[in-house]
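One letter stands for each residue in the lines below.
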Amino acid sequence: MEPTKNPTDNSSSGGGDGGGSPATARAAKVYSLKQKVAAESPQLVGRIIEKGFSPSDGSPSFLPVSLPQPTVLPFPVARHRSHGPHWNPAKVEREISEEEMDLDEDEMKYDALACFAKPVKRKEKKGLDLSNWKELINDNYIGNSAAPQIKKRVVKSAPKTSKIEINEINEPIKEDLIMRDMNQESLNEPIKGDLIMHEMNQESIIGPLKEDLIMQEMNQESSQNPKSVSLEEEISAENLALLNEKSAEEIEEAQKEIMEKLNPKMIEMLKRRGKNKSERSDDNSKRKKEKEIKRESFGPPAGDWLESGGKIKNNILWESWSERVEKIRVCRFSLDGEVLGFDSPLEKQNGLNHNSVTERDLIRTEGDPSSVGYTINEAVSLTRSRIPGQRVLALQLLSSILNRALCNLEKNEGFSVKCVDWQAIWAFALGPEPQLPLSLRMLMDDNHDSVVLACSKTILSLLSYDMNESYFEASQKFLTNNKSTCTAPVFRTRPDINQGFIQGGFWKYNTKRSNLLPEFGECENLEGESEKRTVRDDVVVAGQDVAAGLVRMSLVPRICFLLEMDPVQNMEETPVSMLVALARHSPQSADAILRCPNLVQTVAKILRNYNSTAEIIRPAQIKVLVLFKILSKYNKQTCLDFIKNGIFQLATWTWYKDDFTLDKFLNSQKENLKLNTNLIVEQLRFWRVYINYNLCVSHFTDFFSFLCLFLSPPVFQKLTDQNALVEFCSVTSETYLVLQTLAEKLPVLHSKREEKLERESESSWSWSHAVPMVDLALKWLDSKNIPILPLAQETDQTTLSSFLGVFSSIFHMLNTILQKISPKETDSVPFLPDFVPRIGLALINNKFGSLFNTFINLRSNYQSKNNKNHDLLLASTSCTQGLVQLSLSIDKLIQRAKPSCNATLTNETPPGGEILEAGIINHYFNNLSEVFSVLTLNLSSNSKLVQSIETFKRGGPAPGLAFGWGAPGGGFWSVRFTLTRLESTLILDLIEIFTVLPSRVEMEIDKGFLKRVNSVLEVCLTVGPTDRDILEKGIEILNGKSVLKYLEFCINYFIHQNEIMGGELKLSDEEFSSFSEVLISHFKARWLEIKKKKSENEDEKFGAMETIHEETELNEEGLGLCDSLVVEWAGQRLPVPIHWILSPIFGTGETLNSGLFLLLGFESIAPICNSISPISEIPLVWKLHALSFCLYKCYDVLEEKTRAVFVILQDIYNREIEKARNLDFEGEISENYSTFVENLIEQFMADSFGDVLYGRQVAVYLNNKVDVKLRLKTWNKLASIKVLHLLPPLENCLGGSNGYLGPIEENDGILKAYVQQWINEGLDKAFERKSMAFSLASYHLSCFIFQSDSVRQILRNEMAKSLLRYHSKKPHNEGMMRSFIESGLDVKQEQLYRYEIGRRFEVLKDCCEGNSELLIEVGKLRSLIS
């Protein structure tokens, strides 16, 4: 299309003397200026015409100024200097010719048109009028045809314009010129003629343009409009119209005519194609129905709000998750992070996208430009703006989105009240598309402090710093385990077919440690190294692990530089917080921090800058202590280096001050009091780390004067008046936790080498120091100092939580000291220290048993009112656990000391002495039973919560840190999981008590005992990587000799009740002992195994990114059980999968035999308990697969000893198969499960010799509840190696005959496979041996041939003719054909039998299609059967 020419050009002027009259030229100038402004105005930033710029092209000089010419990028960004400035520079003023001067000076020539001048109307800003944005959003006018259309932006370099723009620009000009010509007769004729000629010239130009534009727009509408009708749709519509006009008889005649004309093979091909299309349409309709059901169950449809999506198997689950994340691309957020919706119509109307996001100027734009919202991609793009304010705005927006997503993940488990999918929002923000880590790392190099500060806060949100710190705070306060956990994202290794596809493999890091590149500054000067490291690799690593990507992008040296510049307070705290988050990531990140030059010294300066006069504590100092504590936990060498460099003395130097008193501590201002409390607490925790490594234990004497201020009970009225009770209790609780850690370093009191140990071990704590600490703790247990009963009715939950935290620390400290008296429970105690009975009497006389009732009440209120005060429940649970452990330790010591101390105890009986002698646990047995009942109410839900966290073989769908894994509710990093860990420890302690107390003389059904066994199974499913001792204890309880004996009794009871053939099981004591040892050894080796670290002699250079191979072993060290206080997720298997108890069956020899017995025992107690057992929660396919794998691995399992157990298990699962809906082996176990089935069949051919148990196990994979593909592969494999005849009769197969014969087979592939084996003599032996293979094929072929509809008539005829031809060649198989014809008929019903036989032979005759030979065979069969 030709461009519109300038009317002032000589070549385009019409008539006259070549150049046209001056009036015509001026009129053309008016038109040209209007067109110029209309064409260029949509590109102006903020619609502001800047002054002082000359035109950049060769446009006429009469234009006053040039318009800004934007470059390719829509807004100013930080680019390379070779790109040039954003605006084109003003050109050098050129010399003005005389002709142009004459034109400028000839002002009188404008007077002829002056009378036509009209006021200039201001152009309406249709694209940015956001004044009515609320009404537009509330009206929800998506798809409204009345919505205004978006005008195309006219660029000068592209002269093609749309028809709408030409009409808007040219029609007013033409009308004005004509009206002026008619109304103003005073104008001279030359001017009038020029105007008319100009109008004709415009028509000659616009005429062809209109036609071209109309055709172009029609093509665009046809391509863009989804409702445009294609040629196929038009033909289909015409055909439907013709069919509607015809009658049914006419349609049948037409069909017959077509059938006669077409080739039969063509007809069969068309029918097959139509069937395939119908199957596809049915599958699509089913998927649509499933999606609709999901949408109805999870909230509004996906178009207004985010779809929540349920949990589906395998690929469907991944597709559902991908759809959820894809929707976030067009999700818009307000400035405070709230979701506004999707693809707002206001955004479409204004044509706003991420390329024009900076045009929404908050100062110069009318209305509310931010009401449209911003997508995540737009916000990330806005961070590249050259305007600092816009960069800060974008960072604050991103931080708001991330923080709101984290809060909703914690509160609502991923969904808000409005069904907003915050889990998908978090995953998209951390995903590879926005490249958020790369943008944030670039902004950390910004020259504006406000941008750097905003970027630092956004990085903290990205690393989920606040959520993670709250989790670690709760863990340190209430968990006695001193080990913390790395926060790096991880994934599971794939199951191996050689190990039976059993899940629960080792965890691995998302990215290898070499990808973090901790060597800062070492390889910068090496030639060629810069080519190996690319930004693309950094982005890829950040997509796998956000923190690893930031470390790889040299964030740590940048933080060091910021701290070296002596920043202000805010700029000092956030960089240290980032270092804390990165240090928790992994040992490699901590190593990167330690190896960064001058970083540790720079951070230590923050502690040195303590203002001794005003004693003002800065939050950054507390964060520095947290950082040093985390770094010290990784290994002992770091602690030694910190001691050598004076960092430990610097962190605790305030404890050496003589002027520190309790009054001075309490009289400080409230804000400074909290900071001082937090500082002391972190100092104590820092010291605990060194004590765990047997370092700085001797500093106790130096610090005692400071610790003593918080060890004795204070005057509580004074603390209450000064509102400092919570702060004082926090320090006291942490102080007693330090004493507990010191108590672990005590030498054993009753030991032959006691004196030698005390002399040689300098790191041991002395009993001379421990005993006075017990006296101080007993003061807290005196009811005169601490009123316990009024405390239980305390309304202030914060105060109650603080007191319970103090008691919890005291109980655990005293229990640790008592365990050091004589740890071996079998040995007798020669004497008891006097503080042992004093502790017991203090618990009894001060009625500490009321704490059990307090726990029960808090627990019930927590469940009924949905109370979110987790700290109170955590403190109560920890306190109850400490009281139970302390009471049990006291009872054991007194019972073991009775032979030597009996006279002392019986001479004088103090108050509470009788209870102490009988046992504290016995006294509170009823209370403990009630506590156990309350704890087990939600135990099943806790185990399901832990099992549901692992998604796509990962701890969460996002590559963040800890809570940032994106699991619902926080997953393993939630406070709820911390509470679950506490409850699990308490449950095992109570089970140990209940198991010991009852003396069982003769076996009987005890549902309470069975309930405790199920509780142990539930607890084992909740164990995390730091709680290996809980799983170890649970394994010892479940596989103990006494438990196995009771399981034998339950098995025999189950056999008797269900009348199972095979007789009772009887095992000897030696067999029970052997089973117990083998099972305990296997479970510990399988699930508690640690992947060891390989040699570190490899030369890891600053090179390209490495690939993670799931099949290879980890190079990283797993759990440092002795050398580290930090547990890594990588290199270990916890938490265990739901089918973990089946793992012995995947072994060999004695392990396999004991595993089958254990499984049968747990299966037998499930129906006795009349409740849902963890064993019943294991999918049936896993149980069937376990039996199949043990046959594949070891055929000796069918020997006499274990054959009875195998038979009973098959009978149990036979009933479950009948109730099951489907058996999805490939979905539940592995997508490559068919490979295992083929290997099993080959082993079946080699070992079985027709064994019925083996055969019925193989026949399971032919059950109609199994997937069609797996059934077909199973049949083909059995047929290819010719072992179909070895399968058992149909009545002996698992699942009953109905599972194999119904419903009728509809898959053509399986039916053809049946016919193929029939005519290839593959079923002859199966018929002779009455194998289920012949029964299966005969029944389904009979149903298909004699009951199929006319649609599949061709296939039916081909199959029937194939069978008849084979019968004609092999007349000896008359029995097979008779069984085939009589399949499903009852001979006793004579009348029905005769009628159906006659009908079936008529069908066979029709299938022969007039073939005389086949008709003869049909006649022979008819005479035979009659």
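1. Some points on the overall build of the chain
And then number 1: Helix and strand content of the chain: 63 helices and six strands.
And then number 2: Counting every position in the chain, which comprises 1426 residues, the buried fraction comes to 50%.
And then number 3: Long-range pairs, those at least 24 residues apart, make up 77% of the contacts in the chain between residues at least 6 apart in sequence.
And then number 4: Carbon together with sulfur atoms contributes 51% to the accessible area of the chain, which is approximately 68,800 Å² in total.

2. Comments concerning empty space enclosed by the protein
And then number 1: What the rule picks out here adds up to 14 cavities of 30 Å³ or more.
And then number 2: Forming the boundary of the largest cavity are 21 residues, of which Q476, N482, K483, S484 and K633 lie nearest the centre.
And then number 3: Mapped by element, the contributors of at least two residues to the lining of the largest cavity are α17 (465-478), β3 (484-485), α25 (619-634) and α29 (670-692).
And then number 4: Classifying every residue of the lining of the largest cavity gives five nonpolar, eight polar and eight charged.

3. Observations concerning the side chain of T1274
And then number 1: Tracing the backbone shows T1274 in helix α55 (residues 1268-1280).
And then number 2: Aside from chain neighbours lying at most four places away, what touches T1274 is V1237, I1241, Y1261 and L1262.

4. Side note on the pairing of strand β2 (residues 339-342)
And then number 1: Strand direction decides the pairing type here: strand β1 (residues 331-333) and β2, joined by three bridges, are antiparallel. Looking across to β2, one finds that F333 is bridged to V339.
And then number 2: Hairpin connection of β1 to β2: five residues between the antiparallel strands, including G337 at a positive phi of 90 degrees.

5. Focus: the pattern of salt bridges
And then number 1: For the coordinates displayed, the defined rule picks out 44 salt bridges.
And then number 2: We note a salt bridge from R838 to D775, for which the minimum N-O separation is 3.3 Å. On the criterion of sequence distance, the pair formed by R838 in helix α37 (residues 835-845) and D775 in helix α34 (residues 767-780) is long-range, its members being 63 residues apart.
And then number 3: According to the relative accessible area criterion, R838 is partly exposed, its value standing at 36%.
And then number 4: Here D775 falls in the partly exposed class, since its relative accessible area comes to 31%.
And then number 5: With a shortest N-O distance of 3.2 Å, E992 and K1033 are connected by a salt bridge. Remark: K1033 occurs in helix α46 (residues 1028-1038) and E992 occurs in helix α44 (residues 975-996); sequence separation between them is 41 residues.
And then number 6: Overall, K1033 belongs to the partly exposed group, its relative accessible area being 25%.
And then number 7: Salt bridges sharing common partners tie together E473, K629, E682, R685, R688 and E734.

6. Quick look at the nonpolar core
And then number 1: Membership of the largest hydrophobic core comes to 365 residues, with the highest contact counts inside it found for W687, W1140 and F1225.
And then number 2: Among the elements that make up this core, the one with the highest residue count is helix α39 (residues 870-907) (13 residues).

7. Side note on the confidence of the model for the chain
And then number 1: Here the chain averages 77 in pLDDT, while 71% of its residues score no lower than 70.
And then number 2: Across residues 136-229 the pLDDT falls below 50, and counting only partners more than four positions away or on other chains, this stretch makes 90 contacts in the model.

8. Things to note about helix α36 (residues 797-819)
And then number 1: The end-to-end C-alpha distance of α36 is 33 Å, a good match for the 33 Å that 23 residues give at a rise of 1.5 Å each.
And then number 2: Burial within α36 is extensive, with 20 of its 23 residues counted as buried.

9. Quick word on the state of the cysteines
And then number 1: Applying the stated rule across the entire model yields zero disulfides.
And then number 2: Cysteine C1190 remains unbridged, with the sulfur of C1194 as its closest cysteine sulfur at 8.3 Å.

10. Remarks on the packing of aromatic side chains
For any pair of aromatic rings, geometry is given as the distance between the ring centres together with the angle between the planes.
And then number 1: One pass over the structure, following the stated rule, counts 49 aromatic pairs.
And then number 2: Where W965 meets W1129, the ring centres are 5.5 Å apart and the plane angle is 70 degrees; that geometry is what we call edge-to-face. Residue W965 is located in the loop between α43 (939-949) and α44, and its partner W1129 is located in the loop between β6 (1126-1127) and α49 (1149-1169); the two are separated by 164 residues in the primary sequence. Of the two residues, W965 and W1129, both sit in the buried class.
And then number 3: Ring centres 5.9 Å apart and planes at 50 degrees place the aromatic pair Y1233 and Y1261 in the tilted group. One end of the pair, Y1233, is in helix α53 (residues 1233-1247); the other, Y1261, is in the loop between α54 (1252-1259) and α55, with 28 residues separating them in the sequence.

11. Overview of helix α51 (residues 1200-1219)
And then number 1: With 20 residues, α51 should cover 28 Å at 1.5 Å per step; its first-to-last C-alpha distance of 30 Å lies within 8% of that length.
And then number 2: Residues of α51 that are buried sit in contact with α47 (1041-1058), α49, α50 (1180-1193) and α54.

12. Let's talk about the packing of α34 against α37
And then number 1: In the contact formed by α34 and α37, the axes pass within 11 Å of each other and the chain directions differ by 20 degrees. Overall, the two elements α34 and α37 adopt an arrangement that is roughly parallel. In the packing of α34 onto α37, the handedness of the crossing is left-handed. Only F835, R838, I839 and A842 of α37 make contact with α34, whose side of the interface consists of W767, V771, V774, D775 and L778.
And then number 2: Taken together, the residues of the contact of α34 with α37 sort by class into seven nonpolar, no polar and two charged.

13. Section: the side chain of R1356
And then number 1: As for its placement among the helices and strands, R1356 is situated in helix α60 (residues 1353-1369).
And then number 2: No salt bridge forms around the buried R1356; measuring N to O, its nearest opposite-charge neighbour D1406 is 5.7 Å away.
And then number 3: Look past the residues within four positions of R1356 in its chain and what remains in contact with it is F1344, I1345, S1348, V1403 and C1407.

Reading the values: the criteria
- Residues numbered from 1 in each chain as written.
- Predicted model: local features only at pLDDT ≥ 70, side-chain atom pairs only at ≥ 80, totals over all residues.
- Heavy atoms only, no water.
- Helix = DSSP H or I, 4+ residues; strand = E, 2+ residues; numbered from the N terminus.
- Buried < 20%, exposed > 50% of the residue type's maximum accessible area, 1.4 Å probe, protein only.
- Contact = heavy atoms within 4.5 Å.
- Areas by Shrake-Rupley, 256 points an atom, 1.4 Å probe, with all protein chains shown as cover.
- 1 Å grid on protein atoms, 1.4 Å probe; cavity = no way out; pocket = protein on both sides within 12 Å on 5 of 7 lines; lining within 4 Å.
- Points joined across faces, edges and corners; volume = space filled by probe spheres on them.
- Nonpolar A, V, L, I, M, F, W, Y, C, P; charged D, E, K, R; others polar.
- Pairing = 2+ DSSP bridges.
- Salt bridge = Lys/Arg side-chain N within 4 Å of Asp/Glu carboxyl O.
- Core = buried A, V, L, I, M, F, W, Y, C linked by side-chain atoms within 4.5 Å.
- pLDDT = per-residue confidence, 0-100.
- Expected span 1.5 Å × (residues − 1).
- Disulfide = S-S within 2.5 Å.
- Phe/Tyr/Trp six-rings, centres within 6.5 Å; stacked < 30°, edge-to-face > 60°.
- Axes fitted to C-alpha atoms, helices over the stretch in contact; angles between N-to-C directions.
- Parallel < 35°, antiparallel > 145°, perpendicular 65-115°, else oblique.
- Left-handed = near helix turned anticlockwise from the far one by under 90°.
- Lys, Arg positive; Asp, Glu negative; His and termini not counted.

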